Amino acid sequence: MKFIICESYEELSDLGAKIIAEQLQKKPDSVLGLATGSSPVGMYQQLIKMYQEGKIDFSKACSFNLDEYYPIANEDPNSYNYFMNDNLFNHVNFTEGSTRVPNGSVADPDLECKSYEQAVLDKGGIDLQVLGIGPNGHIGFNEPDDQLFVHTHVTGLEPATIEANARFFESAESVPTKAITMGMGLIMQAKKILLLISGKSKKDVFEQLKNGMVTPQNPASFLLLHPDVTTIVCL
Ligand code: F6R
């Protein structure tokens, strides 16, 4: 794992956007894995700016997001579907149908998990996976536990995650208690990973990564086993 320490969130965002731009220059039809949350917002803004300046082209690329709350309507402003449209997809030139976020409004979430995972595999897996990290080390909604899921699955959310996400909802009680998330398998099979560690609350988990120990109690620590992870840090 390569660590790049930044002085500011702007620097983190610029560097992250450059890595995505380089990926699309090298392979215009890249399969991108994308994340929501506060960490990538500045990077997405930077990508929009680059697109407006004609420096990046998403027309041949496709994307799969890590996760979505369940149950939630796609048009709900707190859904990750809405977040991605609002923060990136509505402002750049991905073609219709080339971006996918798990559907939190389906009747059968297990079926959605299977079809989502298969769709990623049918594309040959993810070329560049963007990740944020929870203060407890979660990636996607893979929460610390004795065992971690390999495949895309429905999961209950940890109280700490509900609390961390409550800022986006009216109250902690209105945060959905479940989510659909990629498992560790699709993430670890990505050819390249870009991990954004942003915010003071991530200091302990960052120290744990630097210590180089792998444990399911810190799901992000599995990334230490991946051959191509760039971690951009701004605490
Ligand atoms: C989001 C996701 C989450 C976040 C993590 C960090 O799609 O999968 O794992 O990346 O909770 O969130 P922020 O960036 O808001 O600190």
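Before going into details, it helps to say that this report is about the structure given with it. (Residues numbered from 1 in each chain as written. Predicted model: local features only at pLDDT ≥ 70, side-chain atom pairs only at ≥ 80, totals over all residues. Heavy atoms only, no water.)

What about the sheet that holds strand E4 (residues 67–70)?
The pairing of strands in a sheet happens through backbone hydrogen bonds and is either parallel or antiparallel.
Here is step 1: On the basis of which strands lie adjacent, the open sheet formed by three strands has the order E4-E8-E7 and antiparallel pairing. Pairing within the sheet leaves two strands with one partner each, and these edge strands are E4 and strand E7 (153–156). Neighbour-to-neighbour, the strand axes of the sheet open up by a mean angle of 30°, direction not taken into account.
Here is step 2: The pairing of E7 with strand E8 (residues 178–181) spans four bridges and is classified as antiparallel. By the bridge assignment, Val 154 is partnered in E8 with Ile 180.
Here is step 3: Sheet strands touched by helix H4 (residues 109–122): E4, E7 and E8. Its angle to E7, the strand with the most contacts, is close to 130°. (Pairing = 2+ DSSP bridges. Helix = DSSP H or I, 4+ residues; strand = E, 2+ residues; numbered from the N terminus. Axes fitted to C-alpha atoms, helices over the stretch in contact; angles between N-to-C directions. Contact = heavy atoms within 4.5 Å.)

Side note on the side chain of Ser 221
Here is step 1: Mapping Ser 221 onto the fold places it in the loop between helix H7 (203–211) and strand E10 (229–234).
Here is step 2: A polar side-chain atom of Ser 221 sits 2.6 Å from the main-chain carbonyl oxygen of Asn 218.
Here is step 3: Once residues lying within four places of it in the same chain are set aside, the contact partners of Ser 221 are Leu 209, Met 213, Val 214 and Thr 215. (Polar contact = N/O pair within 3.5 Å; in protein donor to acceptor, adjacent residues only side chain to side chain.)

Examining helix H2 (residues 41–52)
Here is step 1: Here H2 spans 17 Å end to end across 12 residues, near enough to the 16 Å set by a 1.5 Å rise per residue.
Here is step 2: On the buried face of H2, the contacting elements are helix H1 (9–26), strand E2 (31–34), helix H3 (80–87), strand E6 (128–131) and strand E9 (192–198).
Here is step 3: Count one or two residues on from H2 and you reach Gly 54, which has phi positive near 75°. (Expected span 1.5 Å × (residues − 1).)

Focus on the packing of H2 against H3
Here is step 1: Following both chains from N to C, one finds H2 and H3 inclined at 40°, their axes separated by 10 Å at the closest point. Classed by the angle they form, the pair H2 and H3 counts as oblique. Contacts from Val 41, Tyr 44 and Ile 48 in H2 reach Phe 83, Met 84 and Asn 87 in H3.
Here is step 2: Among the residues making up the contact of H2 with H3, the classes are represented as five nonpolar, one polar and no charged. (Parallel < 35°, antiparallel > 145°, perpendicular 65-115°, else oblique. Nonpolar A, V, L, I, M, F, W, Y, C, P; charged D, E, K, R; others polar.)

Focus on the side chain of Gln 23
Here is step 1: Relative to the elements of secondary structure, Gln 23 occurs in helix H1.
Here is step 2: Owing to a relative accessible area of 10%, Gln 23 belongs among the buried residues under this scheme. (Buried < 20%, exposed > 50% of the residue type's maximum accessible area, 1.4 Å probe, protein only.)

Observations concerning the site of the ligand
Here is step 1: Taken together, the neighbourhood of the ligand is formed by 14 residues, with Ser 39, Asp 67, His 138, Gly 140 and Lys 202 sitting nearest.
Here is step 2: Ser 38 is positioned such that a nitrogen or oxygen atom in its backbone is 2.8 Å from an oxygen atom of the ligand.
Here is step 3: Separating an oxygen atom of the ligand from a side-chain N or O atom of Lys 202 is a distance of 2.7 Å.
Here is step 4: For the shell around the ligand, the class distribution of residues is three nonpolar, eight polar and three charged. (Near = heavy atom within 4 Å.)

Some thoughts on the pattern of salt bridges
Here is step 1: In this structure the tally under the stated criterion is eight salt bridges.
Here is step 2: The partner of Lys 49 in a salt bridge is Glu 53, and the shortest N-O contact between them spans 3.9 Å.
Here is step 3: The partly exposed category is assigned to Lys 49, whose relative accessible area is 42%.
Here is step 4: Judged by its relative accessible area of 42%, Glu 53 falls in the partly exposed class.
Here is step 5: For Lys 191, the salt bridge is made with Asp 127, and the minimal N-O distance between the two is 3.4 Å. Pair noted here: Lys 191 is in the loop between helix H6 (184–189) and E9 and Asp 127 is in the loop between H4 and E6, with a separation of 64 residues, a long-range link. (Salt bridge = Lys/Arg side-chain N within 4 Å of Asp/Glu carboxyl O.)

None of this, on its own, says anything about what the molecule does.
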